[in-house]
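Structural overview
Below are the chains, spelled out letter by letter.
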Amino acid sequence: MLTSERMAAVDKNAMSLGVSPGRLMENAGAALAREASREDPDDAVVLAGTGNNGGDALVAARFLSHETDVKTVLLGRASRIRTEEARSNWDTLEASEAGPMELRDSTELEDIDFDTDVIVDGMLGVGVSGALREPVASAVGKTNYSDVRVVSADVPSGVDPDNKEPSGERVEADAVVAFHDEKPVHASLDARVVVADIGIPEAAEEFVGEGDLSLLRRDPDSHKGDHGRVLVVGGGPYTGAPALTALAVLRAGGDLVEVVAPESAAGAAASYSPNLITSALEGDKLEPRHVDAVVERADEADVTVVGPGLGAADETLRAVRDILPRLNRGVVDADALREIDAVRADAEVIATPHAGELARHVDEVPDGWRERRGVVEEFSREAGVVTLLKGQYDAVSDGETTRVSRTGNPGMTVGGTGDVLAGVCGSLAARLDAFDAACVGAFANGRAGDAVAEERGYGMTATDLIEALPSTLKTK
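What comes next is a walk through the structure. (Residues numbered from 1 in each chain as written. Predicted model: local features only at pLDDT ≥ 70, side-chain atom pairs only at ≥ 80, totals over all residues. Heavy atoms only, no water.)

With that out of the way, let us pick up unusual backbone geometry. Among all residues except glycine, the phi angle is most often negative; among peptide bonds, the trans geometry is most common. The omega torsion across E134 and P135 is 5°, close enough to zero to call that bond cis. With respect to the helices and strands, P135 occurs in the loop between β4 (118–122) and α5 (136–145). The phi dihedral of D40 falls on the positive side, at around 50°, and the residue is not glycine. Structurally, D40 can be placed in the loop between α2 (21–36) and β1 (43–48). (Helix = DSSP H or I, 4+ residues; strand = E, 2+ residues; numbered from the N terminus.)

This is how it looks when you write it as structure tokens:
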């Protein structure tokens, strides 16, 4: 089952894999026509909107016309058809003299005979919600009044696919052809629901791709802080790590970041950039005496990243063990991963180990990403975390679903790239759920490395990745 947002990402990922939008529309329309013709209709009315669902309906009209008398109605002007693929299918119907008509005014519905064997509903799609507008509202009314068998494309027009129950004015469909997968609303529809394979490869869901970046779109009315307040708890023996993490938070789109670190590391972070807020802890390492102060700062943040540069001193690990169960949302990295079992079961936490760090908690970490799936899933279930296992291909799992990011290159073996990844995940976890944040974070971090390698070769630094992040996270 996929939400409309996830389905849009999968569609775009499929295109990145070489599956054309036209092919998907052709397959969807063919599936819609098969369901519409299931009871061998003599005639049909096809109602098409100006979006992609309308394009699916136009394809269905073409297939149905082989053995059925079809009246195709576009609800709107052809000049307003929104995609090239849908427009191409309209042009095909016109060129074949199939007699499609443009419905420019709801009064023109009076000239259309709805006394037919089947009505194909492709007026509105999964991306449309809210009150129906004319002429769609009148067409929905006539469709429901007709007492004719109605087959809808993906969801009945007027239905929000992400609601568990349909509400408001909508098409009362007898059958629905769900493209690729069911949507949340399908289970509650009083209709026959048929899931149609439209040619989207499994890899479009398994591999993180450009489509997943669409999750990062921003509201134009956003205010400071809406896109994340992140706390970075790190530093000690390694002074640069928390600064790299914090800068990555900002470059990945976070609004505010604060570094809480021992004095020497806090000073180093402050010297890196005036964009960083720093709070110094007395001493040269994190200790149990600092826990309450750290948690107080964490309570004011959306996400807390724990680990970059902390080291593995006994006092530091005891402090980490006291901090982790008091976090609601976090990223656990580097030596803090030694205490990952202290995370609360109801918290949203991303763990970002490499194979060596994960090996402290499991019997064996295989080499290949396919072989690692089961290990990552089991560890995620037992630890109650989302695991991002770093490697040639990064494997991300929440214990039930596992996805893979294939971006990145050997130049990223340079020190600090893991600190950058932790910051990216922390930034994204302030806006997305932990699983999506880890998936997009792995993809973006590796993509930044690929961009740097293409421009400069393998002599990259962690700061190069940070500077490349904004362009690699851009959504089209």
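Following the structure, the description resumes.
What follows concerns the side chain of E258. Looking at the element boundaries, E258 is found in strand β9 (residues 256–262). When near neighbours in sequence (up to four residues on either side) are disregarded, E258 contacts V230, L231, V232, I277, S279 and R297. (Contact = heavy atoms within 4.5 Å.)

The subject of this paragraph is the nonpolar core. With 55 residues, the main nonpolar core has I350, V420 and V440 as its most contacted residues. Looking at this core element by element, the count peaks at twelve residues for helix α14 (residues 434–456). Discounting residues that sit within four places of it in the chain, V440 has contacts with V208, D212, L213, L215, L216, L428, L432 and L473. Membership of the second largest hydrophobic core comes to 39 residues, among which are L2, A28, L64 and A196. (Core = buried A, V, L, I, M, F, W, Y, C linked by side-chain atoms within 4.5 Å. Buried < 20%, exposed > 50% of the residue type's maximum accessible area, 1.4 Å probe, protein only.)

Bringing the layout of surface pockets into the picture now. Over the atoms, a rolling probe the size of a water molecule traces out where space has been left empty. In this structure, the second largest pocket encloses a volume near 560 Å³. K390, G391, M412, T413 and T417 are the residues nearest the centre of the second largest pocket, which is lined by 24 residues in total. Those elements giving two or more residues to the lining of the second largest pocket turn out to be α13 (417–429) and α14. Class assignment of the residues belonging to the lining of the second largest pocket gives a composition of six nonpolar, 13 polar and five charged. (1 Å grid on protein atoms, 1.4 Å probe; cavity = no way out; pocket = protein on both sides within 12 Å on 5 of 7 lines; lining within 4 Å. Points joined across faces, edges and corners; volume = space filled by probe spheres on them. Nonpolar A, V, L, I, M, F, W, Y, C, P; charged D, E, K, R; others polar.)

Further remarks concern the sheet that holds strand β15 (residues 394–397). Across the sheet, nine strands lie side by side as β10-β9-β8-β11-β12-β13-β14-β15-β16; this open sheet has mixed pairing. Either end of the sheet is taken by a strand with one partner, and the two such strands are β10 (277–281) and β16 (402–405). Put simply, the sheet's adjacent strands are angled 15° from each other on average, direction ignored. Note: strand β12 (residues 329–332) against strand β13 (residues 348–351), four bridges, orientation parallel. Each bridged residue has a counterpart across the sheet, and for R329 the counterpart in β13 is E348. Packed on one face of the sheet, helix α12 (residues 369–383) meets β14 (386–389), β15 and β16 and runs near 150° to β14. (Pairing = 2+ DSSP bridges. Axes fitted to C-alpha atoms, helices over the stretch in contact; angles between N-to-C directions.)

Sheet architecture is open: seven strands sit in the order β3-β2-β1-β4-β5-β6-β7, paired in parallel fashion. Where the open sheet ends on each side, the last strands, each with one partner, are β3 (101–103) and β7 (192–196). Across this sheet, the average inter-strand angle for adjacent strands is 20°, counted without regard to direction. Inspection of the sheet shows β1 paired to strand β2 (residues 69–75) by six bridges, in the parallel sense. Each bridged residue has a counterpart across the sheet, and for L47 the counterpart in β2 is V73. α2 rests against β4, β5 (149–153), β6 (175–179) and β7 of the sheet, and its axis sits at about 165° to β5.

Where α2 meets helix α3 (residues 52–64), the axes come as close as 7 Å, and the angle between the chain directions of the two elements is 55°. Accordingly, the angle class assigned to the pair α2 and α3 is oblique. Classified by chirality, the crossing of α3 by α2 is right-handed. On the side of α2, the interface is formed by M25, E26, A28, G29, A30, L32, A33 and A36, while α3 contributes N52, G55, D56, A57, V59, A60, R62, F63 and L64. (Parallel < 35°, antiparallel > 145°, perpendicular 65-115°, else oblique. Left-handed = near helix turned anticlockwise from the far one by under 90°.)

Attention shifts here to the pattern of salt bridges. In this structure the tally under the stated criterion is 28 salt bridges. A salt bridge links D341 to R321, with the nearest nitrogen and oxygen atoms 3.0 Å apart. Placement of D341 in the loop between β12 and β13 and of R321 in helix α10 (residues 314–323) is noted, with a sequence separation of 20 residues between them. Under the relative-accessibility criterion, R321 is labelled partly exposed at 35%. Ionic pairing is found between R344 and D346, a salt bridge with its closest N-O pair at 2.7 Å. By relative accessible area, D346 is classed as exposed at 61%. Put simply, E35, R38, E39, R149 and R192 are held in one network by salt bridges that share partners. (Salt bridge = Lys/Arg side-chain N within 4 Å of Asp/Glu carboxyl O.)

Bringing the side chain of R149 into the picture now. Within the secondary structure layout, R149 lies in strand β5. Its relative accessible area of 13% is what places R149 among the buried residues. A polar side-chain atom of R149 sits 2.9 Å from a polar atom in the side chain of E35. Only 3.4 Å separates the side chain of R149 from the backbone oxygen of A36, close enough to count as a polar contact. (Polar contact = N/O pair within 3.5 Å; in protein donor to acceptor, adjacent residues only side chain to side chain.)

Our focus in this paragraph is α13. For α13, with 13 residues, the first-to-last C-alpha span of 18 Å sits near the 18 Å given by 1.5 Å per residue. Judged by how many residues are buried, α13 sits mostly within the fold: 13 of 13 residues are covered. (Expected span 1.5 Å × (residues − 1).)

Another point: the pairing of strand β11 (residues 303–306). It is a general feature of regular strands that their side chains alternate between the two faces of the sheet. In β11, alternate side chains face the same way, and those of V303 and V305 on one face and T304 and V306 on the other are all buried. As paired strands, strand β8 (residues 229–233) and β11 are joined by four bridges and run parallel to one another. In the strand pairing of β11, V233 is matched with V306. Handedness of the β11-α10-β12 crossover: right-handed. (Right-handed = clockwise from strand over helix to strand, strands pointing away.)

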